[in-house]
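Chain residues, written in single-letter form:
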Amino acid sequence: MTELNPHATIALHPASCTSCMLCVRECPDWCITVDAHSEPDEDAPQYSNARRQSMKNVLDEFTIDFGKCMWCGICIDVCPFDALFWSSTQMPAATSREELIFDVNQLAASLPDARRNDGSPAPQIDEPPSGRRKK
Ligand code: SF4
Ligand code: SF4
């Protein structure tokens, strides 16, 4: 029986991503892109003396170019919001360069086999942000 590679690919939990761009800046190969927009945060505390509405980032797209990725894991290590994980999901064989660029849905599809570095399971697509910050 073939053993699963726990670092076969990278999974993203989109709801946990705050579009902070830390992984984009720290990736040594520039293989991550993040697109996001701001919108009013209805869940934020409403203060009577607030001068402006609280805003939050909303993720529009997140891609990893596995044609450039060197599986260093820096993006996973630096994400402060528990949104990126190693996954043992095998990547399908690519027939073109473009197929190596995974979008947010493809990255989320690897969540069922994803684990945190401490071995605990990653949050799944229908779960809210874990709110967990790395120590
Ligand atoms: S594993 Fe390394 S090279 Fe690949 S996307 Fe993450 S930081 Fe970039
Ligand atoms: S570091 Fe984490 S929260 Fe920040 S943009 Fe990357 S995946 Fe999203």
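Further up the page is the structure itself.
Below is a summary of the structure that appears in this document. (Residues numbered from 1 in each chain as written. Chains lettered and ligands numbered in written order. Predicted model: local features only at pLDDT ≥ 70, side-chain atom pairs only at ≥ 80, totals over all residues.)

**Points about the site of ligand 1**
In the vicinity of ligand 1 there are 13 residues, among which Cys27, Cys69, Cys72, Ile74 and Cys75 approach most closely. Grouping the amino acids of the shell around ligand 1 by side-chain chemistry returns 11 nonpolar, 1 polar and 1 charged. (Near = placed C-beta within 6 Å. Nonpolar A, V, L, I, M, F, W, Y, C, P; charged D, E, K, R; others polar.)

**With respect to the site of ligand 2**
Looking at ligand 2, the residues that line it are Cys17, Thr18, Ser19, Cys20, Met21, Leu22, Cys23, Val34, Cys79, Phe81, Ala83 and Leu84. Residues that form the shell around ligand 2 fall into these classes: 10 nonpolar, 2 polar and no charged.

**Concerning the pairing of strand β4 (residues 84-87)**
Side chains Leu84 and Trp86 project from β4 onto one buried face, and the interleaved Phe85 and Ser87 project onto a second face that is buried too. Where strand β1 (residues 9-12) and β4 come together, 4 bridges link them in antiparallel fashion. Residue pairing in the sheet places Thr9 in a bridge with Ser87 of β4. (Buried ≥ 20, exposed ≤ 12 C-beta atoms within 10 Å, placed from the backbone. Helix = DSSP H or I, 4+ residues; strand = E, 2+ residues; numbered from the N terminus. Pairing = 2+ DSSP bridges.)

**Regarding the nonpolar core**
Among the nonpolar cores identified, the biggest contains 22 residues, and Ala11, Leu12, Leu84 and Leu107 are the most heavily contacted of them. Broken down by secondary-structure element, the contributors of at least two residues to this core are β1, β3 (55-65) and β4. Residue contacts for Leu84: discarding those within four places in its chain leaves Ile10, Leu12, Cys23, Cys75, Ile76 and Cys79. (Core = buried A, V, L, I, M, F, W, Y, C linked by C-beta atoms within 7 Å. Contact = placed C-beta atoms within 7 Å.)

**Here we look at unusual backbone geometry**
At Ser19, a position not held by glycine, the phi torsion is positive, near 60°. Assignment of secondary structure puts Ser19 in the loop between β1 and α1 (22-26). We classify Ser19 as partly exposed; it has 19 C-beta atoms within 10 Å. Phi is positive for Met21, close to 75°, though the residue is something other than glycine.

**Some points on the sheet that holds β3**
Read from one edge of the open sheet, 3 strands run β2-β3-β5, paired in antiparallel fashion. The sheet terminates laterally at β2 (32-40) and β5 (101-102), the two strands that pair on one side only. Direction of pairing for β3 relative to β5: antiparallel, over a ladder of 2 bridges. Across the sheet, Asp65 pairs through a bridge with Ile101, a residue of β5.

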